[in-house]
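Observations on the model geometry
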Amino acid sequence: MDTTSFDKTKTEIDGPMHASLRHDSAHKHVTGSAEYIDDIPEPAGLIHGALGLADRAHAEIVSMDLSEVEKTPGVLLVMVAKDVPGENDISSGGRHDEPLLAETKVEFHGQPIFAVFAETRDIARKAARKAKITYKDLPHFTDIDTAIENGGALVIDPMTLKRGDAKIEMDVASRRLTGTMRIGGQEHFYLESHIAMAVPGEDDEVTLWSSTQHPSEIQHIVSHMLQVPSNAVTVQVRRMGGGFGGKETQGNQFAALCAIAAKKLNRAVKIRPDRDEDMTATGKRHDFRVDYELGFDEEGRIHAVDATYAARCGFSSDLSGPVTDRALFHADSSYFYPHVHLTSRPLKTHTVSNTAFRGFGGPQGMLGAERFIEEIAYAVGKDPLDIRKLNFYGETGSGRTTTPYHQEVEDNIIARIVEELETSSDYRARRDAIIEFNKTSPIIRKGIALTPVKFGISFTMTAFNQAGALVHIYNDGSIHLNHGGTEMGQGLYTKVAQVVADAFQVDIGRVKITATTTGKVPNTSATAASSGTDLNGMAAYDAARQIRERLVKFAAENWNVPEEEVVFLPNRVRIGLEEIAFNDFIKKAYFARVQLSAAGFYKTPKIHWDRAAGRGTPFYYFAYGAACSEVSIDTLTGEYMMERTDILHDVGKSLNPAIDIGQIEGAFVQGMGWLTTEELWWDGKGRLRTHAPSTYKIPLASDRPKSFNVRLAEWAENAEPTIGRSKAVGEPPFMLAISVLEALSMAVASVADYKVCPRLDAPATPERVLMAVERLKKV
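Residues numbered from 1 in each chain as written. Predicted model: local features only at pLDDT ≥ 70, side-chain atom pairs only at ≥ 80, totals over all residues. Heavy atoms only, no water.

1. Focus: the overall build of the chain
A count of helical and extended segments in the chain gives 19 helices and 29 strands. In terms of overall dimensions, the chain is globule-like: its C-alpha atoms have a radius of gyration of 27 Å, near the 28 Å expected for 779 residues. Looking at the chain as a whole, 62% of its 779 residues qualify as buried. In the chain, of all internal contacts separated by at least 6 residues, the share reaching a separation of at least 24 is 80%. By element, 50% of the accessible surface of the chain is carried by carbon and sulfur atoms, the whole surface being about 28700 Å². (Helix = DSSP H or I, 4+ residues; strand = E, 2+ residues; numbered from the N terminus. Rg over C-alpha atoms; globule rule 2.2 N^0.38 Å. Buried < 20%, exposed > 50% of the residue type's maximum accessible area, 1.4 Å probe, protein only. Contact = heavy atoms within 4.5 Å. Areas by Shrake-Rupley, 256 points an atom, 1.4 Å probe, with all protein chains shown as cover.)

This is the structure we're talking about:
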């Protein structure tokens, strides 16, 4: 770092909080100089691993002949379940239901049974295909319907939320209807696949580089696998090439295999599956089936909701409990249900265990709620936006502020967000024009929809709502920052560095952002639940605050001035009437033996949750937003185009508007992919057939809306004392894409003169759109 710049006196600093500052690695991303795990210079004697995957969906392992695998030149180790020193388990929730390597039975096609370690990656992969395994096939079921037909076994206890008496109100409601909605899953499709590298150390030590959102969980899993204490295992993460939740728990198996092999062979080991293996062997977003009954009046006001949310969870629990819980937490979307009964159904299937994905069940719950609104709108013959506004949560004191989980919505700004977007997007005039267009266009039909977002922020597991940080100031005035959050492209490192730079009023170039490591900040939570900046930003601020208080006390005592006369200014400090450059001031503090290092800590206040009772305050606050999308469909083919999207989103007082807008744009496009083109499909033998870019269609740049307008609600400010009064931005914008599905639905509904709800399931692929059009032509 060029420390000469530290001496410059400025009237402002580069990159304080609330400034639009580029991502710290942006230039490295576009030039290819950003270092990922596969870019790290390989240690001498590095060994490469490959997985041996099951080719049955559900079967007993009768025999396993790995002799040809072992004889392959260059193969050094073939590992099976009995070779695991500790417990053969990588389950995240401690339920002991997910083996590292299958031992006597396989429960999904693609489950790891053994691992091969060889001198090169090519040798290891080719050798893994030489295994001769004999199976005894067992009945398998891979989707929600067949799971229910075969007894409906669950991977974890379900949850119920209820308030009032939905059954009685349903019976007395003037209107009622029932329906079912199917919501597809989604592949994470991070650009960097899973990867891990382990380097053995002396005694019981091992150091791991892992592409993970949860370094402490990797540390915990590996320590149990090796039967060593956690202090012997160090996990490091500088950056990931995307995560989206797919690297919260799914990196466990790759890191554990590397660590065991590294200690057995006393050589460094790396595993990097190719895209097909990664997609086959790792979990995805849960797909859901929502069965619902609604009671409402002639105006379209909801009186009662009774719904069951069944989810394809896979063969083990993984994170399915909290995912299905959060689906229920967001089954109200932005709407008040006077009487409500909601139940989750986390079903076991013979598929890979599904896991976290941006939104973590919230999108599925919210999508179901928007279907409820759409059903009611078509039933009473009104614009769905009017039904939405009629059912919004009210202001404090309105009697319409209690969620199905009995938390009060105290910071409700959804009505203002929607009204502003309705005006700025010219929604009403455009909708009228589209209805007129559809009357005279025989083939191309258009649709428009404006949908809201209300998303709860916090881990529903209360213990995860904590974070630590470590800040050093070296005697030349440079600052070292480390915290428990991981960087997966979302700009977390930049935002937290801005917090520290702002605390000392120095240029952000003075702050060195260092790799996340369990060796510096212990017991970290996963970078998930949109809480990375909230938690780590506050922890870093706490560390900076401690150092700053020491520096103020030192200056007051040595310059003989009151503490209030010590003021941090841009790159300098005013002490009484004297100003001194920051780095000179720090040097004086060092020689005066002032401690220039601090460990910060933060835990989210106010939250509590009782799952058994279905009551509590699981969320610290809510983030809000709204999107208006317009589409065109071809009624002969089902193909469609995204014409325009307008977004107004609430991030509180943004820490970095440029990064936040980028997150909103990316989340919307990713959500659009989930609801339109991304379809997971298993064949009759339980094999995932959409396991590569050739068969799994993520959105392209050309799929984005032709006109894409994103604004922040600049007047918004978090009512809670979060870092800089900001709000989370990782997950909430994902649900803005629901406006696309609703717009497609309106276009389809035009075929039957808007008299019938199209009940368009997700993903609304061109095939589904076409089938819906043909179905409505017969109405």
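Here the narrative resumes.
2. Topic: the sheet that holds strand 28 (residues 640–649)
The strand order across the open sheet built from four strands is 16-27-28-29, with neighbouring strands paired in mixed fashion. Of all the strands in the sheet, just strand 16 (444–457) and strand 29 (707–712) have a single pairing partner and so form its edges. Put simply, the sheet's adjacent strands are angled 15° from each other on average, direction ignored. Relative to strand 27 (residues 621–634), strand 16 runs antiparallel, the two sharing 14 bridges. What sits directly across from L450, in strand 27, is C628. (Pairing = 2+ DSSP bridges. Axes fitted to C-alpha atoms, helices over the stretch in contact; angles between N-to-C directions.)

3. Description of the pattern of salt bridges
As enumerated under the stated definition, the model contains 53 salt bridges in all. A salt bridge links R611 to D325; its shortest N-O distance comes to 2.7 Å. With a gap of 286 residues between them, R611 in the loop between strand 25 (608–610) and strand 26 (615–617) and D325 in helix 9 (residues 320–329) connect regions that are remote in the sequence. Across the pair E643 and K706 runs a salt bridge, and its minimum N-O distance is 3.3 Å. Here K706 lies in the loop between helix 17 (657–676) and strand 29 and E643 lies in strand 28, a separation of 63 residues in the sequence. The structure contains a network of salt bridges with shared partners spanning D383, D386, K389, E422, R428 and R431. (Salt bridge = Lys/Arg side-chain N within 4 Å of Asp/Glu carboxyl O.)

4. Remarks on a nonpolar patch on the surface
Where nonpolar side chains cluster on the molecular surface, the patch consists of F437, I443, I444 and L636 and spans about 320 Å² of accessible area. If you trace the backbone, I444 turns up in strand 16. (Patch = residues over 30% accessible without salt bridge, like charges linked within 9 Å, V, L, I, M, F, W, Y side chains within 5 Å.)

5. Here we look at the pairing of strand 21 (residues 566–569)
Side chains on a regular strand alternate between the two faces of the sheet. In this sheet, strand 22 (residues 572–575) lies alongside strand 21 in antiparallel orientation, the contact comprising four bridges. Its bridge partner being in strand 22, V566 is matched across the sheet by I575. What sits between strand 21 and strand 22 in their antiparallel hairpin is a turn of two residues, with N571 showing a positive phi close to 60°.

6. Details of the packing of aromatic side chains
Across all of its chains, the model carries 21 aromatic pairs by this definition. Judged by centre distance (4.9 Å) and plane angle (75°), the rings of F329 and W609 are edge-to-face. A residue pair is termed long-range when its members are at least 10 positions apart, and F329 in helix 9 and W609 in strand 25 qualify at 280 residues. Residues F329 and W609 agree in their burial class; the two are buried. Following the ring pairs from residue to residue traces out a cluster consisting of F504, F554, W559, F568, F582 and F585. Above the ring of Y36, the side-chain terminus of R239 is found at 5.8 Å from the ring centroid. A cation over a ring is seen here: R285 above W674, with NZ or CZ 5.1 Å from the ring centre. (Phe/Tyr/Trp six-rings, centres within 6.5 Å; stacked < 30°, edge-to-face > 60°. Lys NZ or Arg CZ within 6 Å of the ring centre and 35° of its normal.)

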